[in-house]
Amino acid sequence: MERQRVNKKNRLRRYSFSIGFACLPLAHIGLAADASTLQSKGEYIAKAANCVSCHTTEGGQPFAGGVPFETPFGTIYSPNITPDQQTGIGSWSESEFRAALKQGLRPDGEHLYPVFPYTAYTGMSDDDVSALYAYLQDVPTASATHSVNQLSFPFNQRWLMAAWKMMFFNEEPAPLPEASSEAWQRGRYLVTTLGHCGECHSPRNWLGAVSEQEALSGGSYLDDIPGGKIKPWFAVNLTPADEGLAKWSADDIQQYLKTGLNAYATSFGPMNKVIMNSTSQLTEEDIAAMAIYLKSLPAKQRTDSLPVADADSLAKGRELYAIHCATCHLPTGKGDPDTGPALIGNPVVLGSDPSSLVNAILYGPELPKTALPVQRTPMGAYEHKLDDSDVADISTYIRNSWGNKSTPVLISDVLEQR
């Protein structure tokens, strides 16, 4: 009897041990599933924030950094944000990562320059920061060091950023209006925080700070033109102003952000990376929320007082337009789905700064490498076909015809883009 009791105990021990041993993998599976879910969420956050475009060079490893950003103060290179221990962020804790995103601070306590949009990311939720951290700690590691920032004095003194932050940086996000819908709140979060649209689509003061009063009313910045030269561009007015998105419906905005194409626009130039790497990857619900938010904004007109375009310039521009542009954009400026976008109410055409329009005429719109839903006839470059006066006259005519009204384009405007 005693031997039977001992054997029974041993069997129970072995059974208990086997149950415990079997449960260990199940626990690990649960943890792995949680980690995988967090990383998947983080991958989506990274797409909404378009991290890959700013931290990946042409043909380079994703997130390995090295992208040069030309500013009025000099050139700043994006860092490696892969989990490499020496050259990336592999040694960063989550709290250090959060401080970089929301406070603009490196782990060594040095201030980050606001070319990195922590001024927008400061509004990120802690859950989204945790998810993004988990995702970036799991991407393929790259050992990559880059050129030293080339900033003029005194802007190469990082400690001065402490004073800049005191003047222009607010860590507290703007309060939500009462009775705002969930879709509106989500749209604001995507546009102003994750998507940091205002970093390009807003004017800046002489110290590089975004103008809060004129946020999203359009902004000038430096970027590549076809061939690699750095020239001024203008990110269009995103408010429902006449020179902005007044004529765009919410559906027009959704279609453009999802596909890079609508009746008024074909994605080109710097916007290609935003759409192909970010907004086209978002859910339909999130795209719709962004459109709802943008259409709810108050119109901010940047060019209220407009000089009258010269009659001779308009006459010459009309003639040149008929020869070079009307076939694709139609004599009415209404455009055609297969040949060219509408020029009426087109924010690239009407921008307070005509640099993007002039770039399109001189160098031809550089279209996305990813195929668009409709393959419109590619627009050729007129850099060697039209002189500066011709480009100025065509631009002035387009900006002041068919109900459009904007400032004349001067020969000096074209020369700057040459």
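Please refer to the structure placed before this passage.
Presented here is an overview of the structure given in this document.

Criteria and thresholds
Residues numbered from 1 in each chain as written. Predicted model: local features only at pLDDT ≥ 70, side-chain atom pairs only at ≥ 80, totals over all residues. Heavy atoms only, no water. Salt bridge = Lys/Arg side-chain N within 4 Å of Asp/Glu carboxyl O. Helix = DSSP H or I, 4+ residues; strand = E, 2+ residues; numbered from the N terminus. Buried < 20%, exposed > 50% of the residue type's maximum accessible area, 1.4 Å probe, protein only. Contact = heavy atoms within 4.5 Å. Expected span 1.5 Å × (residues − 1). Disulfide = S-S within 2.5 Å. Axes fitted to C-alpha atoms, helices over the stretch in contact; angles between N-to-C directions. Parallel < 35°, antiparallel > 145°, perpendicular 65-115°, else oblique. Nonpolar A, V, L, I, M, F, W, Y, C, P; charged D, E, K, R; others polar. Core = buried A, V, L, I, M, F, W, Y, C linked by side-chain atoms within 4.5 Å. Pairing = 2+ DSSP bridges. Polar contact = N/O pair within 3.5 Å; in protein donor to acceptor, adjacent residues only side chain to side chain.

To continue, consider the pattern of salt bridges. If you walk through the whole model with that rule in mind, you get 10 salt bridges. Of the charged contacts, one joins Asp126 and Arg98 as a salt bridge, the two residues approaching to 3.4 Å between their closest N and O atoms. Of this pair, Asp126 sits in helix H5 (residues 126-136) while Arg98 sits in helix H3 (residues 94-103), and the two are 28 residues apart along the sequence. Look at Arg98 and you get partly exposed, because its relative accessible area is 23%. The salt bridge involving Arg418 is made with Asp388; its shortest N-O contact spans 2.6 Å. On the criterion of sequence distance, the pair formed by Arg418 in the segment after helix H16 (411-417) and Asp388 in helix H15 (residues 388-399) is long-range, its members being 30 residues apart. Connected through salt bridges with shared partners, the residues Glu94, Arg98, Lys102 and Asp126 form a single ionic network.

Within H3 the residues assigned to the buried category are Phe97, Ala99, Ala100, Leu101 and Lys102. Elements in contact with the buried residues of H3: helix H4 (118-121) and H5. Within two residues after H3, Gly104 carries a phi angle of roughly 70°, on the positive side.

When the terminal C-alpha atoms of helix H10 (residues 284-296) are compared, their 18 Å separation across 13 residues agrees well with the 18 Å that a helix rising 1.5 Å per residue should span. Among all positions in H10, only Asp286, Ile287, Ala289, Met290, Ala291, Tyr293 and Leu294 are buried.

Further remarks concern the state of the cysteines. Here the structure, examined in full by the defined rule, presents zero disulfides. Cys200 provides the cysteine sulfur closest to Cys54, a residue in no disulfide bond, and the two sulfurs are 7.8 Å apart. There is no disulfide at Cys197, and the cysteine sulfur nearest it, in Cys200, is 8.9 Å away.

Turning our eyes to something else, we now look at unusual backbone geometry. The amide bond that connects Phe153 to the next residue, Pro154, takes the cis arrangement and shows omega of 10°. Non-glycine residue Phe63 carries a positive phi angle of around 70°. Here Phe63 shows up in the loop between helix H2 (51-54) and strand S1 (68-71). The phi angle at Leu216 is positive, at roughly 70°, despite the residue not being glycine. Its place among the elements puts Leu216 in the loop between helix H7 (182-194) and strand S4 (219-224).

Quick look at the packing of H7 against H10 now. Contact geometry of H7 with H10 gives a least axis separation of 7 Å together with a crossing angle of 90°. When the axis of H7 is compared with that of H10, the two are roughly perpendicular. Contacts between H7 and H10 involve Ala183, Trp184, Arg186, Gly187, Arg188, Leu190, Val191 and Thr192 from the former and Asp286, Ala289, Met290, Ile292, Tyr293, Leu294 and Ser296 from the latter. Taken together, the residues of the contact of H7 with H10 sort by class into nine nonpolar, three polar and three charged.

Ranked by internal contacts, the top residues of the largest apolar core, which has 44 residues, are Phe97, Met124, Leu132 and Leu136. Of all the elements in the fold, those that place two or more residues in this core are helix H1 (2-48), H3, H5, H7, helix H8 (250-259), helix H9 (271-277) and H10. Dropping the residues within four chain positions of it, Leu136 is found in contact with Phe63, Ile81, Thr82, Pro83, Ile89 and Phe97. Among the nonpolar cores identified, the runner-up in size contains 25 residues, and Phe268, Leu320, Leu362 and Val391 belong to it.

The next point concerns the sheet that holds S1. One open sheet accounts for three strands, arranged S1-S2-S3; its pairing is antiparallel. Among the strands making up the open sheet, the edge pair consists of S1 and strand S3 (150-151). In this sheet, strand S2 (residues 74-77) lies alongside S1 in antiparallel orientation, the contact comprising four bridges. Directly across from Phe69, in S2, lies its bridge partner Ile76.

Another aspect to go through is the environment of Thr192. Mapped onto the secondary structure, Thr192 falls in helix H7. As for Thr192 and Tyr293, which are separated by 101 residues in sequence, their C-alpha atoms are 9.9 Å apart. Residues in contact with Thr192, not counting those within four places in the same chain, are Ala120 and Tyr293. At a separation of 2.6 Å, a polar atom in the side chain of Thr192 contacts the main-chain carbonyl oxygen of Arg188.

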